[in-house]
Amino acid sequence: MELLVAQLLNGLVYGVLLFLMAAGLSLIFGLMNVVSLAHGSFFMLGGFIGLSIVHLTGSFWLALILAPIPIVVLGVLIEVLFMRPLYARGHMDQVLLTFGFTFIFYDLVQTVWGRLVQRLPTPEALQGSVQIGVGVFSAYRLFLIGFGFAIAILLWLVLERSRVGAMVRAGVDNAAMAAGLGGNIPLLFTGIFGFGVALAGLGGVAAGPIIGLYPGMDAEILIPAFIVIVIGGMGSLRGAFVGSLLIGIADTFGKAYLQSLALFLIYLAMTVVLLIRPQGLFGIKYSDVSITSAVTGTAVPATARRRLAGFIVLAVLLILPFFLTDYPRALVSEIFIFAIFAMSLDLLLGFTGLMSLGHAAFFGFGAYAVAVLGTLFGVDAWIGLVAGVLLAAGGAALIGFFCVRLAGIPFLMLTLAFSQLVFSVALKWRDVTGGSDGIALAEKPSFFGLSLDHSLVMYFMTLLFFVSAFLALQRLINASLGHVFVGIRENEQRMLAIGYPTRVYKLLAFVIAGAFAGLAGGLYAIFNGFISSDALYWTASGDILIMTMLGGAGTLIGPPIGAAVFLLMKNVASSYSEHWLTIIGVIFICCVMFFPGGIWGTVQKLRWGGARS
Amino acid sequence: MNILDIERLRRSFGSLVVTDDVNLSIAPGERHVVIGPNGAGKTSLINQIGGQLAPTSGRIALRGRDIAGLSPNRISRMGVARTFQRNNLFHNLSVIENLRLALSVKFGNPLDCFRSTDGDVALLERARGLMRQVHLDGDGARLARNLSYGEQRQLEIGIALAGEPELLLLDEPTSGMSPAETTRMIELIGSLPRSLSLMMIEHDMQVVFSVADRITVLYYGKILASGSPSEIQANDRVREVYLGMAH
């Protein structure tokens, strides 16, 4: 009984922390239609700024009060300087923008506060424990529950009873209408964004004494907060509250009694809710049909000149390895593999207009097929590669079947949920996958009798697969099926009215993209000789999204360029500067703000004066 | 047999009834125009026939087969094509590409993932034929968004005609057009083959009376009157609630 109550209290504590994250996230989404991927970063920053304040003043209470202030300033600056100019362009660009900031904040935190886990001291007054009925409980945890409930009630009062609250509620219902009624919408947006991040910062300080502070906690708190707003209903404060407590308690009990199944069950719950009630338990049904995607590029059919340019690039790639040593050869091989991965995502993102944040799952299917079949069953890596492609295609068919019913942000969230489901399996099914320790392949297979241990053989093997994948996708894009995908991206309603069963075609795009991602994953397992669950984490899906957007989505040449730039940055810039994450973040933010077509899209625009894109 | 028989059709959003016990038939080859003041439920009616909106109850029979509540793509493949009130094109694609997409579903191989579409000469020929039919010959390479407003509406009709429909639904094809563009649109509609049945929503009375075989007047979701143009012109209630306001 005592244990049960203790678990319940722990669940409530976790629920309250989630609520502080989810309330802001949900309000921001409801009002601005932006899923802020940087929201976890504000939580993390809040915690660390609180840590510094405690070190300076020795007072936890001062930290709790003061830490949200710089967070608000930061949030308001980001909203005004970066997000506001993008309002006209649609909310997908804003989502991407917030993702760029996660890199900068991560780097900032590990530079200023280091990489170790640090703990905020529990305030002196609450260090003891309290005897209630059946047992003894930590005073700080009890305080936290009360604190969370007080914030929730306060929020509710403000939203329901005040003039500002009425404006926010009106704005959540209909932004244009609220503006007509005299609300100052830009100011309201800035206010809500600032308020939302303040809550997240507050949550970070409050969490400090319990879960500890470390770089990477941002990505870890963000996902359960997402699950909360999906289950509770995006834009609904009540939903955020109920969802937080539900997930908090379910997660705590799940971990205590179901161990490895807990993670799995929560992702499953989110998936089920999204499928049955896409608007969540308390959410308002909202329409998201007018997704103005940043991507408008069109494949340009091969002309003699383009073909010549292609042959020149190929010739350079064929000669290049003879001027390189082992390490850069391996780096270029890795670029080829990630170029295949990025092109596969581009088929969804750039050509079919579906922004997936779960593409790493299919990469994982391919990689684990090679690794698991190889180590457990002694299957040849090339057969494993074929199996991986088939497995990834099958997995994509299954996951895609559910995802293609949705569009826009719900599509993004559902692909994220499913990929985290796959991730949780890879993490917890240790007997087969090795979890976060991963599996190492005993030896590299031979390639037409040549050993892949030689970097030159590896280079030409990956080059062969990259060129084949590029040509296959190029044919697809220029054939009828590719045109149908582009038609769906441009105007799905019209495609339906013309007679295309667009869901079937979107599923097809999903499966083909999944198969190529599986190919990339399988090749990566062969190349790297090692695969762990890290490669499937949602940030891996984010990285490939960045590569694709950076190079230029909606073109086939863009994603390989993006993969090359990203990996060169990661490997070369990181050896010169510790701050490669910041550099990548800044470049990506600039790309979203000023070059929405990515590198290749911008080159095309300069060459054809925008007539082509 | 009639091409379209609508029986006791009803659609409500909560307490708002946008289609209220509508009965309507269209004979093969008939040009049927639906008129009515704003908010009469004209577009809702077309959306229910086209499958964009599911009716609450009632029957929509296409050559005797009930299509009420089917998905838009199935209804389209059964021979019902439509245009939209707001331009609904593939704005970043060329005219020829717009038409080729529309043709491909019936006359091409949309699942082909290997051969370049430019190789399908028969499809290209059909697209060129459509361009001539909607007076856009020579504009194949232009992007849809670079066309003039009137040309965009012509392209809309070209896309709708691509599947060789039996029934064509036009939602205000001349709205927002200049007088010259309107005249061209009337010509274009007049030149459509008589094998094609037409149901059209229109506000411009010049267009209505130059196209219509029969006219139906909708008023707050209900049918106020239905008959030949002369009958409608002579109908007192129609004059009162609709024509009276327009003149």
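Residues numbered from 1 in each chain as written. Chains lettered and ligands numbered in written order. Predicted model: local features only at pLDDT ≥ 70, side-chain atom pairs only at ≥ 80, totals over all residues.

Trainee: When you look at the overall build of chain B in this model, what are you seeing that I'm missing?
Mentor: A tally of helices and strands in chain B yields nine helices and ten strands. Its C-alpha atoms give chain B a radius of gyration of 18 Å, near enough to 18 Å, the size a compact globule of 247 residues would have. Each of the three principal axes of chain B carries a C-alpha extent, and together these read 60 × 40 × 35 Å. Residue pairs in contact within chain B that sit at least 24 positions apart in sequence constitute 66% of those at least 6 positions apart. (Helix = DSSP H or I, 4+ residues; strand = E, 2+ residues; numbered from the N terminus. Rg over C-alpha atoms; globule rule 2.2 N^0.38 Å. Contact = placed C-beta atoms within 7 Å.)

Trainee: I keep staring at the pairing of strand β10 (residues 222-227) of chain B and nothing clicks. Help me out?
Mentor: Consecutive side chains of a regular strand alternate in pointing toward one face of the sheet and then the other. Residues and elements named next belong to chain B. Relative to β10, strand β9 (residues 214-219) runs antiparallel, the two being bridged by five bridges. Bridging across to β10, Val217 finds its partner in Ala225. Here β9 hands over to β10 after two residues, with Tyr220 in that stretch at a positive phi of 50 degrees. (Pairing = 2+ DSSP bridges.)

Trainee: Just checking my understanding: could you explain helix α20 (residues 480-490) of chain A for this structure?
Mentor: Every α-helical turn comprises 3.6 residues, leaving residues that sit three or four positions apart pointing alike. The element α20 of chain A is largely enclosed, with a buried count of eleven among its eleven residues. Inspection of α20 of chain A places Ser480, Leu481, Gly482, His483, Val484, Phe485, Val486, Gly487, Ile488, Arg489 and Glu490 of chain A among the buried residues, and these make up the whole buried set. Structurally, α20 of chain A contributes buried residues whose contacts are with α14 (326-351), α19 (455-478), α21 (492-498) and α22 (502-528) of chain A together with α3 (95-107) of chain B. (Buried ≥ 20, exposed ≤ 12 C-beta atoms within 10 Å, placed from the backbone.)

Trainee: Would you take a moment to explain the interface of chain B and chain A for this structure?
Mentor: Interfaces are often sized by the accessible area lost when the parts come together. Every contact between the two is made by 30 residues of chain B and, on the other side, 22 residues of chain A. At the level of elements, α2 (72-77) and α3 of chain B are the ones that each hand at least two residues to the side of chain B that touches chain A. Counting residues per element, the side of chain B that touches chain A draws most heavily on α3 of chain B, which supplies six residues. Broken down by class, the residue content of the side of chain B that touches chain A amounts to eleven nonpolar, twelve polar and seven charged. (Nonpolar A, V, L, I, M, F, W, Y, C, P; charged D, E, K, R; others polar.)

Trainee: In this structure, what is going on with the nonpolar core? I would like to understand it.
Mentor: Soluble, globular proteins show a tendency: their nonpolar side chains are buried together. All names here are of chain A. Ranked by size, the top nonpolar core spans 285 residues in total, and within it Ile340 and Ala520 carry the most contacts. For this core, the domains that each give at least three residues are domain 1 (2-276) and domain 2 (333-536). Setting aside residues no more than four positions away along its own chain, Ile340 makes contact with Phe465, Phe466, Ala469, Phe516, Leu519 and Ala520. (Core = buried A, V, L, I, M, F, W, Y, C linked by C-beta atoms within 7 Å. Domains from an automatic or database assignment.)

Trainee: So what exactly am I meant to see when it comes to the environment of Leu143 of chain B here?
Mentor: All names here are of chain B. By secondary structure assignment, the location of Leu143 is in the loop between α4 (121-133) and α5 (149-161). Through-space distance from the C-alpha of Leu143 to that of Leu89 is 10 Å; in sequence the pair is 54 residues apart. Other than its neighbours up to four places away in sequence, Leu143 contacts Asn92, Leu93 and Ser94.

Trainee: Where do I start with the domain arrangement of chain A in this structure?
Mentor: All names here are of chain A. Segmenting chain A into domains produces domain 1 (2-276) and domain 2 (333-536). The gap between the C-alpha centroids of domain 1 and domain 2 is 33 Å. In this assembly, 14 residues from domain 1 lie in contact with 14 residues from domain 2. The element best represented in the side of domain 1 that touches domain 2 is helix α12 (residues 261-276), accounting for eight residues.

Trainee: Whenever I open this one, unusual backbone geometry confuses me. Can you help?
Mentor: Most peptide bonds adopt trans geometry, and most residues besides glycine take a negative phi value. All names here are of chain B. One non-glycine residue, Arg8, lies in the positive phi region at around 45 degrees. Topologically, Arg8 is positioned in strand β1 (residues 4-13). For Arg8, a count of 12 C-beta atoms within 10 Å puts it in the exposed group. Notably, Glu164 is not glycine yet its phi reads approximately 45 degrees, a positive angle. Given 14 C-beta atoms within a 10 Å radius, Glu164 is considered partly exposed.

Trainee: How do you make sense of helix α5 (residues 91-112) of chain A when you look at a structure like this?
Mentor: All names here are of chain A. Along its 22 residues, α5 runs 32 Å from first to last C-alpha, staying within 8% of the 32 Å computed at 1.5 Å per residue. Across the 22 residues that make up α5, a large majority, 18, are buried. In the segment just after α5, Gly114 is the residue with positive phi, at about 85 degrees. (Expected span 1.5 Å × (residues − 1).)

Trainee: I'm lost on the sheet that holds strand β6 (residues 80-82) of chain B in this one. Help?
Mentor: The strands that make up a sheet are held in pairs by hydrogen bonds between backbone atoms, and each pair lies either parallel or antiparallel. All names here are of chain B. The six strands lie next to each other as β6-β7-β8-β3-β9-β10, forming an open sheet whose pairing is mixed. Edge positions in the sheet fall to β6 and β10, since each has one partner strand and no second. In this sheet, adjacent strand axes meet at a mean angle of 20 degrees when their direction is disregarded. Set on the sheet, helix α1 (residues 42-50) makes contact with β3 (31-35), β6, β7 (167-171), β8 (197-201) and β9; between it and β7 the angle comes to about 150 degrees. (Axes fitted to C-alpha atoms, helices over the stretch in contact; angles between N-to-C directions.)

Trainee: Sorry if this is basic, but what is going on with the confidence of the model for chain B here?
Mentor: For any part of a model where pLDDT is low, the fine detail of the predicted coordinates should not be relied upon. Looking at chain B, the pLDDT average stands at 92 and 98% of residues meet or exceed 70. Interface predicted TM-score (ipTM) for the complex: 0.92; the corresponding pTM is 0.90. (pLDDT = per-residue confidence, 0-100.)

Trainee: What is the right way to read the packing of α20 of chain A against α22 of chain A from this model?
Mentor: Helix packing for two helices is described by the angle between their axes and how far apart those axes are. All names here are of chain A. The N-to-C vectors of α20 and α22 enclose an angle of 115 degrees; their axes lie 10 Å apart at closest approach. Taken together, the axes of α20 and α22 are roughly perpendicular relative to one another. Our pair here, α20 against α22, has a crossing hand that is left-handed. Touching Val484, Phe485 and Ile488 of α20 are Thr502, Tyr505, Lys506 and Ala509, all from α22. When the residues that make up the contact of α20 with α22 are grouped by side-chain class, the tally is five nonpolar, one polar and one charged. (Parallel < 35°, antiparallel > 145°, perpendicular 65-115°, else oblique. Left-handed = near helix turned anticlockwise from the far one by under 90°.)

Trainee: Looking at this structure, I do not really get the sheet that holds strand β5 (residues 65-66) of chain B. What am I missing?
Mentor: All names here are of chain B. With respect to topology, four strands assemble into an open sheet ordered β2-β1-β4-β5, the strand pairing being antiparallel. Either end of the sheet is taken by a strand with one partner, and the two such strands are β2 (16-26) and β5. In this sheet, β5 lies alongside strand β4 (residues 57-62) in antiparallel orientation, the contact comprising two bridges. Considered in β5, the bridge of Leu62 is made with Arg65. Packed onto the sheet, α1 meets β1, β2 and β4 and runs at close to 65 degrees relative to β2.

Trainee: When you look at the packing of helix α10 (residues 217-232) of chain A against helix α11 (residues 237-257) of chain A in this model, what are you seeing that I'm missing?
Mentor: Residue and element names in this part refer to chain A. Between α10 and α11, the least distance of the axes is 8 Å, while the angle of their chain directions is 125 degrees. Our classification of the angle between α10 and α11 gives oblique. Viewed along their axes, α10 and α11 form a crossing whose handedness is right-handed. For the pair formed by α10 and α11, the contact residues are Pro224, Ile227, Val228, Ile229, Ile231 and Gly232 on the first element and Gly239, Ala240, Val242, Gly243, Ser244, Leu246 and Ile247 on the second. Taken together, the residues of the contact of α10 with α11 break down into nine nonpolar, four polar and no charged.

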